[in-house]
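A look at the structure
Here is how the chains run, residue by residue.
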Amino acid sequence: MDSKRNMVPSSDHDFAAPAPRIPSPNPTPRRIGVYAREGGIDVAVVARHATRVDLCILADDGTAREKRWSLLGPEDGIWHGHLDGAGLGTHYGFRVHGPWDPDAAMFHNPAKLLLDPYGRGLAGSVQMGAAVHAHTVDEDLYPATYPLEQSDLNSAPYMPHSVVVSTQFDIADKPRTPWDQTVIYELHVKGFTLNMPDIPDDLRGTYAGLAHPAAVDYLKKLGITAVELLPIHAKHDETFLIERGLTNYWGYSTLSFFAPEPSYATEAARRRGAQGVIDEFRGMVSILHQADIEVLLDVVYNHTCEGSETGSTLSWSGFDAPLYYRFDHGRPRRMIDVTGTGNSLNTDEPLAMKMVLDSLRYWSREMGIDGFRFDLAATLGRFSTGFAPMHPLLIGIGTDEDLCQDKLIAEPWDIGPGGWQTGNFPSPFSEWNDRYRDTVREFWLSDFRSLAMGRGAIGPMKLATRVSGSSDLFAHGGHRFDGPRRSVNFVTAHDGFTLADLTAFDHKHNMANLEQNRDGTTNNHSWNHGIEGTIAQTPVDDAHDALNGSPASSDFLQDIYPTRHRSQRNLLTTLLTSSGTPMIVAGDEFQRTQFGNNNAYCQDSPISWIDWNMSDSQKQQLATVRWLLALRRHHPVLRPSLFADGRIAEGDVIADLGWFDRDAHDIAQDGWAQEHNRVFQMLRSGYQLGDRDALVVVNGTLDVATVRLVSGRGSDWYVVMDTSWSCPSDGGINVEGDIERLERGLPDRLEVVRCGDEVTIEPQSVIVMLSARTPHHSVDYGRD
């Protein structure tokens, strides 16, 4: 924000004075927002209880000069008009007159310049202070009086502007990657490229940086198909973070549902103004599309940055708080908070639902976005009586002719009553599967901690359910026809430990967040393998010194690091051989650490930024992930698109999915919970997929195990992955060359194991095998 605007005294304006009536009506007043048309702009905003709404045309020279026009209306709560002479690049805002009755949730105050809830461009940022509150506040920004007293401070010098923008140039077509081929890669626009080598300094940490050939080449070589961007909707930091000198780095504090966050644009784009930011963002999407990479947005429609009824007044609350926010029915009315942020979007209201739908359509149609991950999506499906799977907003999203073709992913919970709704969202939504996350972590981490302490662990029952697609959650009713893709499988996400930290910390270490380590979950299902707080990248000697006199030796540390790395490979191999849609967090493919911070939402710092200086072990893990993703890409048997039923299909001789113990016997019904069966085999038929069969052998114990391989259809097996390898090269695999050769067949250096033979499997490891023959061929078609 230009500092000159802060020098304008608040008493320069008489906001109660009449403003000239806008000359012409808007011919399409139900098209909410401000749009350029025929040498002017069409304007429409919702303010059902207002007595007057002024459109403010604002100077863009830092002087805070404004020209006000009184809009026509209201028509069904909509105020509108057409103003000739304005157009693209126009800076504007609104001032709303009406009742001041906070106890009735009415916060009209014409002294407050309001952003357009539909504003597609944004110039400047909020300067937090007393002026941006509709009520009077003290020096700590708490209410100065109760009941709340209306503030007469002009907020314009401290507010950004809405800007009329265009989406005129064409962008590349959407890749439309099929669900069963999709691999999601969650990243932060800034943190991903801020330190990335080969990207010019002026592009690092920006939309353009993500579109740079170095970034695109990395994503393509890794093998992901979609990037899921942490929130890029324009944001505003919470007051308590500003006071601590921190920021809402993740961006879950939305200031605009239509405008991209300007700070992620290059300095050159920001100099061009809001249009430059829009163009850079759309250019990024287009370049990623040209590389066949989809762009998904993490979107936050469950709340806004305005906080509670005593928070700031920047947009929605100044227009129509009862429309946009959920309140109780008392007096004074209080906001209902099922999001933990102070407010919740009121999806009981059709016009609030329309805003969400219009925003999604805009990002899909005009900004080229391929899909959306809905933060705290249970809030979007709430009536005042609770969550409803058939909520009209969810149905509206899922049946829209454009949105239904995009990827729709729900985070299926919030913190309100009945807030856990995994498996209950309507088609075509997919959902984050927290049961998958917890089960896989338990089997490979917390269960092993228990085993190491001599306490034992349960068998593979829960793991088998999750690995085979979580049909208990996602196959009920008509959802069965959607297949396992409804389950977005993940071991880590932005929220929680990184993959490396899961294996290095038993406890969160969030002191940098300045909340006395009270924030962040304690339900981590992690295992530090014996030493807390020595990360995988720490040199052994430094880690030994950090133990402050602990009897642990460097030899002990030398043993722990490889075991941690194996645990990470177990988690990754399980993820990438599971039915469902996998999601990987940026940096987990090479052991990125957050130094034990499991809630780095406010860390715009090296804690969150990816460090691209890799150790040898990190490079080995990167090679492993590239190999696993290539195997998954070329072999549909590792990513089934249908739920298995354990039956033999017509023309086949083995079941689509079978589970066997270490002696090649079917696991008995009463054997699933037995610790003995933590050594087991999973056999998938490739018959209906035109692919090889797959055999996954798991040793979930601390001891070496001998396993008699199932006979299957009598074919030999090629070992394509063994998590006891530190790198695929240990198994004779040349990742760089062999990934390209997978289209022709498997590498000729792979170990061959005969069906029915006994094999030895290392403790705490997984072996993945593919059959030497496809079910449709009687001969080995298989290696170069």
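All of the points below concern the structure found in this document. (Residues numbered from 1 in each chain as written. Predicted model: local features only at pLDDT ≥ 70, side-chain atom pairs only at ≥ 80, totals over all residues. Heavy atoms only, no water.)

1. Digging into unusual backbone geometry
Going by this rule: Each helix is a run of H or I in the DSSP string that is no shorter than four residues. Each strand is a run of E no shorter than two, and both are numbered from the N terminus.
Between Arg 331 and the following residue, Pro 332, the backbone shows a cis peptide bond with an omega angle of 10°. Here Pro 332 is to be found in the loop between α7 (316–324) and α8 (350–365). Despite not being glycine, Ala 105 has its phi angle at roughly 65°, a positive value. Mapped onto the elements, Ala 105 comes out in the loop between β8 (100–101) and β9 (106–107). Even without a glycine there, the phi angle at Leu 376 is positive, about 45°. With respect to the helices and strands, the residue Leu 376 is situated in the loop between β15 (371–374) and β16 (382–383).

2. Concerning the environment of Arg 334
Convention followed: Throughout, a contact is declared for two residues whenever any of their heavy atoms are within 4.5 Å.
Along the chain, the position of Arg 334 falls in the loop between α7 and α8. Residues contacting Arg 334, with those up to four places away along its chain left out, are Glu 309, Arg 326, Phe 327 and Asp 328.

3. Side note on α8
For the record, the criterion: The span you would expect from a helix comes to 1.5 Å times its residue count less one. For the exposure calls, accessible area comes from a 1.4 Å probe over protein chains only, and a residue counts as buried if that area is under 20% of its type's maximum, exposed if over 50%, partly exposed in between.
Given a rise of 1.5 Å per residue, 16 residues ought to cover 22 Å, and the 22 Å separating the end C-alpha atoms of α8 matches this to within 8%. Where α8 is concerned, the buried positions are Ala 352, Met 353, Met 355, Val 356, Leu 357, Asp 358, Ser 359, Leu 360, Tyr 362, Trp 363 and Ser 364. Those residues of α8 that are buried are in contact with α6 (274–290), β14 (294–299), α7, β15 and α9 (392–399).

4. A word on the pattern of salt bridges
Keep this limit in mind: One speaks of a salt bridge when a side-chain nitrogen belonging to Lys or Arg is within 4 Å of a carboxyl oxygen belonging to Asp or Glu.
Taken as a whole and assessed by the stated rule, the structure comprises 48 salt bridges. Between Lys 190 and Asp 604 there is a salt bridge, with its nearest N and O atoms 2.8 Å apart. With Lys 190 in helix α1 (residues 189–193) and Asp 604 in the loop between β21 (581–585) and α16 (616–634), this pair connects stretches of sequence that are 414 residues apart. Take Asp 604: its relative accessible area is 30%, and that puts it in the partly exposed class.

5. Some remarks on the nonpolar core
Short version of the rule: Take the buried residues of types Ala, Val, Leu, Ile, Met, Phe, Trp, Tyr and Cys, join any two whose side-chain atoms come within 4.5 Å, and each joined set is a nonpolar core.
In this structure, Tyr 185, Phe 192 and Phe 374 are the most contacted members of the largest nonpolar core, which totals 184 residues. Ranked by the residues each element gives to this core, the list is headed by α16, at 8 residues. Judged by nonpolar contacts, the second largest core, of 14 residues, contains Val 132, Met 159, Leu 255 and Cys 305.

6. What to know about α9
Considered for burial, the residues of α9 that qualify are Leu 393, Leu 394, Gly 396, Ile 397 and Gly 398. Of the surrounding secondary structure, the elements contacted by the buried residues of α9 are α8, β15, β17 (386–387) and β18 (407–410).

7. Looking at the pairing of strand β26 (residues 717–722)
Heads up, the rule is: Only when DSSP finds a minimum of two bridges between them are two strands counted as paired.
Across the 6 residues that make up β26, a large majority, 6, are buried. Where β26 meets strand β29 (residues 765–771), 5 bridges bridge the pair, whose relative direction is antiparallel. Bridge assignment links Met 721 to a residue of β29, and that residue is Val 768.

8. Here's the deal with the sheet that holds β18
Two strands in a sheet stick together by hydrogen bonds in their backbones, pointing the same way (parallel) or opposite ways (antiparallel). Cut-off, in case you're wondering: Here an angle of 0 to 180 degrees is reported between the N-to-C directions of two axes, which are lines fitted to C-alpha atoms, with helices fitted over the stretch in contact.
Ordered in space as β12-β13-β14-β15-β18-β19-β20-β21, the 8 strands form a closed barrel in which the pairing is parallel. For this sheet, the mean inter-axis angle between neighbouring strands, taken without regard to orientation, is 25°. In this structure, β14 lies alongside β15, joined through 4 bridges in parallel fashion. Note on β15: the bridge partner recorded for Asp 298 is Arg 373.

9. Quick notes on the pairing of strand β22 (residues 657–661)
Counting buried positions along β22 gives 5 out of 5 residues, so the element sits mostly inside the fold. Going residue by residue along β22, you find Leu 657, Trp 659 and Asp 661 tucked away on one face and Gly 658 and Phe 660 tucked away on the opposite face as well.

10. Brief notes about the packing of α8 against α9
Inclusion rule: With respect to orientation, any angle under 35 degrees is reported as roughly parallel, any angle over 145 as roughly antiparallel, any angle of 65 to 115 as roughly perpendicular, and every other angle as oblique. A clockwise turn of the near helix away from the far one marks a right-handed crossing, whereas an anticlockwise turn of less than a right angle marks a left-handed crossing.
At a minimum axis distance of 10 Å, the contact between α8 and α9 shows a crossing angle of 20°. By the angle between their axes, α8 is roughly parallel relative to α9. Viewed along their axes, α8 and α9 form a crossing whose handedness is right-handed. For the pair α8 and α9, contact is made by Met 353, Val 356, Leu 357 and Leu 360 and by Pro 392, Leu 393, Gly 396 and Ile 397, respectively.

11. A few points about the sheet that holds strand β2 (residues 40–46)
Taken in spatial order, the 4 strands line up as β1-β2-β6-β5 in an open sheet, and their pairing is antiparallel. Each edge of the open sheet is held by one strand with a lone partner, namely β1 (33–37) and β5 (72–75). Put simply, the sheet's adjacent strands are angled 20° from each other on average, direction ignored. Examined bridge by bridge, β1 and β2 share 5 bridges and lie antiparallel to one another. Note on β2: the bridge partner recorded for Ala 36 is Ile 41.

12. Topic: the packing of helix α3 (residues 213–222) against α16
Rules: As a working rule, the residues Ala, Val, Leu, Ile, Met, Phe, Trp, Tyr, Cys and Pro are called nonpolar, Asp, Glu, Lys and Arg charged, and the rest polar, with Gly in that last group.
It is the contact of α3 with α16, at a shortest axis distance of 8 Å, that shows an interaxial angle of 60°. Facing α3, whose interface residues are Tyr 218, Lys 221 and Leu 222, α16 presents Leu 622, Val 625, Arg 626 and Leu 629. Split by residue class, the contact of α3 with α16 holds 5 nonpolar, no polar and 2 charged.

13. Here's the deal with the packing of aromatic side chains
The cut-off we apply is this: Centres within 6.5 Å make a pair out of two Phe, Tyr or Trp rings, where for Trp the six-membered ring is used; the pair is then stacked when the planes are under 30 degrees apart, edge-to-face when over 60, and tilted otherwise. For a ring to carry a charge above it, either NZ of a lysine or CZ of an arginine must fall within 6 Å of the ring centroid while also lying within 35 degrees of the normal to the ring plane.
Scanning the model with the defined rule gives 31 aromatic pairs in all. Ring geometry for Trp 250 versus Tyr 252: centroids 6.2 Å apart, planes at 80°, classification edge-to-face. With centroids separated by 6.1 Å and ring planes inclined at 50°, the aromatic side chains of Trp 659 and Phe 680 adopt a geometry described as tilted. One end of the pair, Trp 659, is in strand β22; the other, Phe 680, is in strand β23 (residues 679–684), with 21 residues separating them in the sequence. Of the two residues examined, Trp 659 and Phe 680, each falls in the buried class. The ring of Trp 432 is capped by Arg 373, whose NZ or CZ atom sits 4.0 Å from the centre of that ring. In this arrangement the basic side chain of Arg 678 is found over the ring face of Phe 448, its NZ or CZ atom lying 5.5 Å from the centre.

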